Amino acid sequence: MFNKVLIANRGEIALRILRACKELGIATVAIHSTADSEAMHVRLADESVCIGPPPSRDSYLNMHEILAACEITGADAIHPGYGFLSENAKFADILDAHGITFIGPSADHIRMMGDKIEAKLTARKLGIPVVPGSDGAVHDEAAAARIAADIGYPVLIKAAAGGGGRGMKVARSEAGLAEALHTARSEAKAAFGDDAVYIEKYLARPRHIEIQVMGDGGGGGVHLGERDCSLQRRHQKVLEEAPSPALNAAERDRIGEVCAGAVRKLGYAGAGTIEFLYEDGEFYFIEMNTRLQVEHPVTEMITGIDLVNEQIRIASGGGMSFSQADVAFSGHAIECRVNAEHPDTFVPSPGRIAYYHPPGGLGVRVDSGVYQGYTIPPHYDSLIGKLIVHGRNRVECLMRLRRALDEFVVDGINTTLPLFRDLVANPDIQDGNYDIHWLEHYLAAKA
Ligand code: ADP
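Bear in mind that the values here come from a model prediction, so they are computed numbers and not experimental data.

K.L.:
Any chance you could explain the pattern of salt bridges here in plain terms?
P.N.:
Where charged atoms from two side chains of opposite charge come close, those side chains can pair. As enumerated under the stated definition, the model contains 33 salt bridges in all. The closest approach of N and O atoms between Lys158 and Glu200, which form a salt bridge, is 3.1 Å. Of this pair, Lys158 sits in strand 6 (residues 155–159) while Glu200 sits in strand 8 (residues 197–201), and the two are 42 residues apart along the sequence. Salt bridges sharing partners connect three or more residues here, namely Glu210, Arg227, Lys237, Glu240, Glu275, Glu295 and Arg337.

The structure is reproduced here in structure tokens:
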């Protein structure tokens, strides 16, 4: 097992990782920018190192400084969390060259899944169902038109290097194809420095269902069921739940086994998420994330398995503490992503938290890095915490969520808590009757 882990992240996820390390008896090193010297993960870590000024590229993305922090403190492993360097194959390679363990999959697996075109080809080879579309990158309008006619409109142009919903454009007919191709390309170039795009059938009313997987790196692999992340705004997840209201046990076992089989064939190490769109009883692979996800707690709540603890165990060579036969699903869990944003306009609202009262009680978990008197810096994403609620079934979970949301007080800044209070009272949400477009329609109607 490791002696000391450096946590290369901030906010709620830094604290989440710190907790897992403490339970395992591992010393922790926090890194932080000058904007984050008062952050909770810095206060709670055994040691902390300031690695640069506020902009992420100078601090949380600064590989040299992070490596130096490792050397100064003698940390033997780095947990990257999500975002920042978590899916950076070069970072994993550099750590490897310095004899520091990257808590995550191999650089090769990160690279393979980081390119969405290669990921899709790999998925198909592994027997995972994919969205119909181009076999690889699409270079010109004529080729795009041929493929689109073949799969049928509407089609979606997507960036090979895509992420966070950027570089994605819909073409409803051939008339709009050239423009969609052009816009997607220039957006991809600007955001990722790579203008390679590919074409997929645009699914009209799918749900976003993803499978949590875990591999021991030696050919062992399991799945931990699904999460339904269909409630999205601008292709960003807002609320997640498990199990999905749309799946039954047979469908879960079938797709779960396909994913676990893929992990075993790849010899994948650590946690991963295989993301699908699900429509009319069919799954269509869209991407694999080779890291811990923001929404991992819903899986932890229904399985009782600590995913971060397992990631650390696997990276240290200790393997997984459980097998597929040990995975039992119990009850229902929902997560709300609480952002420091106006609940209607979504304008970010950094600033000082004047009063803070998180909810508690049976089945209520708050993963957050903020506290009363803390000033949220304006430099980073606006997630300030996650409210995760568990119940024996979906109805109990929703009742408990409503109660917990009523109790949750964050004063001094705007948060998205009022949006969630509206959502739990909505009949479609109560019935589990929503697809990936539901929230956008709901917000448009409200405005
Ligand atoms: P990113 O990596 O940018 O998040 P994804 O491929 O994961 O991109 O897609 C993000 C979201 O975009 C999905 O959850 C879904 O809402 C939408 N989306 C992606 N592919 C399709 C598709 N073929 N048809 C309809 N919607 C899609």
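K.L.:
What's the story with the site of the ligand in this structure? I'm lost.
P.N.:
The environment of the ligand is formed by 21 residues, the closest being Gly165, Lys201, His208, Gln232 and Glu287. Between Lys158 and the ligand, the recorded distance is 2.9 Å, taken from a side-chain N or O atom to a nitrogen atom. With respect to the ligand, the side chain of Glu275 contributes an N or O atom lying 3.3 Å from an oxygen atom. Protein chains bury 96% of the 560 Å² of accessible surface belonging to the ligand in isolation.

K.L.:
When you look at the sheet that holds strand 2 (residues 27–33) in this model, what are you seeing that I'm missing?
P.N.:
Sheet strands pair via backbone hydrogen bonds, and the direction of the pair is either parallel or antiparallel. Overall, parallel pairing links the five strands, which are arranged 3-2-1-4-5 in an open sheet. Of all strands in the sheet, those bounded by a partner on one side alone are strand 3 (47–52) and strand 5 (101–102). Examined bridge by bridge, strand 4 (residues 77–79) and strand 5 share two bridges and lie parallel to one another. Each residue of the ladder has a partner; that of Ile78, found in strand 5, is Phe102. Contacts between helix 1 (residues 11–24) and the sheet are confined to strand 1 (4–7), strand 2 and strand 4, with strand 1 contributing the most and set at about 175° to the helix. Here helix 3 (residues 63–73) sits on the sheet in contact with strand 1, strand 2, strand 3 and strand 4, set at roughly 150° to strand 3.

K.L.:
Help me understand the domain arrangement of the chain, please; the structure alone is not making it clear to me.
P.N.:
The parts lose accessible area when they come together, and the size of an interface is often stated as this lost area. Each assigned domain of the chain is listed with its residue range as follows: domain 1 (4–103), domain 2 (132–201) and domain 3 (207–446). With centres defined by C-alpha atoms, the gap from domain 2 to domain 3 works out at 29 Å. Between domain 2 and domain 3, the contact holds six residues from the first and four residues from the second. A combined buried area of about 360 Å² lies between domain 2 and domain 3, and 53% of that area is made up of carbon and sulfur atoms. Applying the counting criterion to the domain 2 and domain 3 interface returns zero salt bridges. Where domain 2 meets domain 3, there are zero residue pairs in polar contact (both at pLDDT 80 or more). Among the residues forming the side of domain 2 that touches domain 3, the class breakdown is two nonpolar, two polar and two charged.

K.L.:
How should the side chain of Ser134 be read in this particular structure?
P.N.:
When you line up the elements, Ser134 lands in the loop between helix 6 (116–125) and helix 7 (141–151). In this structure Ser134 comes out as buried when scored by relative accessible area, which is 6%. In this structure the side chain of Ser134 is engaged in a polar contact, spanning 2.9 Å, whose partner is the backbone oxygen of Gly136. Excluding its chain neighbours within four sequence positions, the residues that come into contact with Ser134 are Ile147, Tyr198 and Ile199.

K.L.:
In this structure, what is going on with the side chain of Arg207? I would like to understand it.
P.N.:
By the secondary structure assignment, Arg207 is in strand 9 (residues 207–216). Engagement of the side chain of Arg207 in a polar contact is seen with the backbone oxygen of Tyr434, the distance being 3.1 Å. When near neighbours in sequence (up to four residues on either side) are disregarded, Arg207 contacts Asp228, Ser230, Ser244, Pro245, Ala246, Phe276, Leu277, Tyr278, Gly432, Tyr434, Asp435 and Ile436.

K.L.:
Explain the environment of Glu65 here, please?
P.N.:
Relative to the elements of secondary structure, Glu65 occurs in helix 3. Glu65 sits in the partly exposed class, given a relative accessible area of 35%. Measuring from C-alpha to C-alpha, the distance between Glu65 and Leu44 comes to 21 Å, with 21 residues separating the pair along the chain.

K.L.:
Is there a simple way to explain the sheet that holds strand 14 (residues 332–339) in this structure?
P.N.:
The antiparallel open sheet is built from eight strands, whose spatial order is 13-12-9-10-11-14-19-17. In this open sheet, the two strands that pair with only one neighbour each are strand 13 (282–289) and strand 17 (364–368). On average, each strand axis in the sheet is tilted by 25° relative to the strand beside it, whichever way the strands run. Where strand 12 (residues 269–279) meets strand 13, seven bridges bridge the pair, whose relative direction is antiparallel. Bridged to Leu277 within strand 13 is Tyr284.

K.L.:
I would appreciate a short explanation of the pairing of strand 13 in the present structure.
P.N.:
On any regular strand, side chains alternate: one points to one face of the sheet, the next to the other face. Among the eight residues in strand 13, seven count as buried, and that is most of the element. Hairpin connection from strand 12 to strand 13: two residues lie between these consecutive antiparallel strands, with Asp280 at a positive phi of about 50°.

K.L.:
Please explain the state of the cysteines as it appears in this structure.
P.N.:
Simply put, disulfide is the name for a covalent bond between the sulfur atoms of two cysteines. Inspection of every chain in the model, using the stated rule, returns zero disulfides. Not engaged in a disulfide, the cysteine Cys50 finds its nearest cysteine sulfur in Cys70; these two sulfurs lie 16 Å apart. Not engaged in a disulfide, the cysteine Cys259 finds its nearest cysteine sulfur in Cys229; these two sulfurs lie 13 Å apart. Residue Cys259 is classed as buried on the basis of its relative accessible area, which comes to 0%.

K.L.:
Can you help me understand the packing of aromatic side chains in this one?
P.N.:
Aromatic rings in a pair are described by how distant their centres are and how their planes are angled relative to each other. All chains considered together, the criterion is met by nine aromatic pairs. Measuring from ring centre to ring centre gives 5.2 Å for Tyr60 and Phe84, while their planes differ by 25°; the resulting arrangement is stacked. With Tyr60 in the loop between strand 3 and helix 3 and Phe84 in the loop between strand 4 and helix 4 (89–97), this residue pair connects regions lying 24 residues apart in the sequence. For Tyr60, a relative accessible area of 0% gives the class buried. Residue Phe84 is classed as partly exposed on the basis of its relative accessible area of 28%. A ring pair is formed by Trp438 and Tyr442, whose centres lie 5.0 Å apart and whose planes are at 15°; its orientation type is stacked. Of the two residues, Trp438 and Tyr442 are both situated in helix 15 (residues 438–446); the distance of four residues between them amounts to about one turn of the helix.

Conventions used here
- Residues numbered from 1 in each chain as written.
- Predicted model: local features only at pLDDT ≥ 70, side-chain atom pairs only at ≥ 80, totals over all residues.
- Heavy atoms only, no water.
- Salt bridge = Lys/Arg side-chain N within 4 Å of Asp/Glu carboxyl O.
- Helix = DSSP H or I, 4+ residues; strand = E, 2+ residues; numbered from the N terminus.
- Near = heavy atom within 4 Å.
- Polar contact = N/O pair within 3.5 Å; in protein donor to acceptor, adjacent residues only side chain to side chain.
- Areas by Shrake-Rupley, 256 points an atom, 1.4 Å probe, with all protein chains shown as cover.
- Pairing = 2+ DSSP bridges.
- Contact = heavy atoms within 4.5 Å.
- Axes fitted to C-alpha atoms, helices over the stretch in contact; angles between N-to-C directions.
- Domains from an automatic or database assignment.
- Buried area = accessible area lost by both parts, 1.4 Å probe.
- Nonpolar A, V, L, I, M, F, W, Y, C, P; charged D, E, K, R; others polar.
- Buried < 20%, exposed > 50% of the residue type's maximum accessible area, 1.4 Å probe, protein only.
- Disulfide = S-S within 2.5 Å.
- Phe/Tyr/Trp six-rings, centres within 6.5 Å; stacked < 30°, edge-to-face > 60°.

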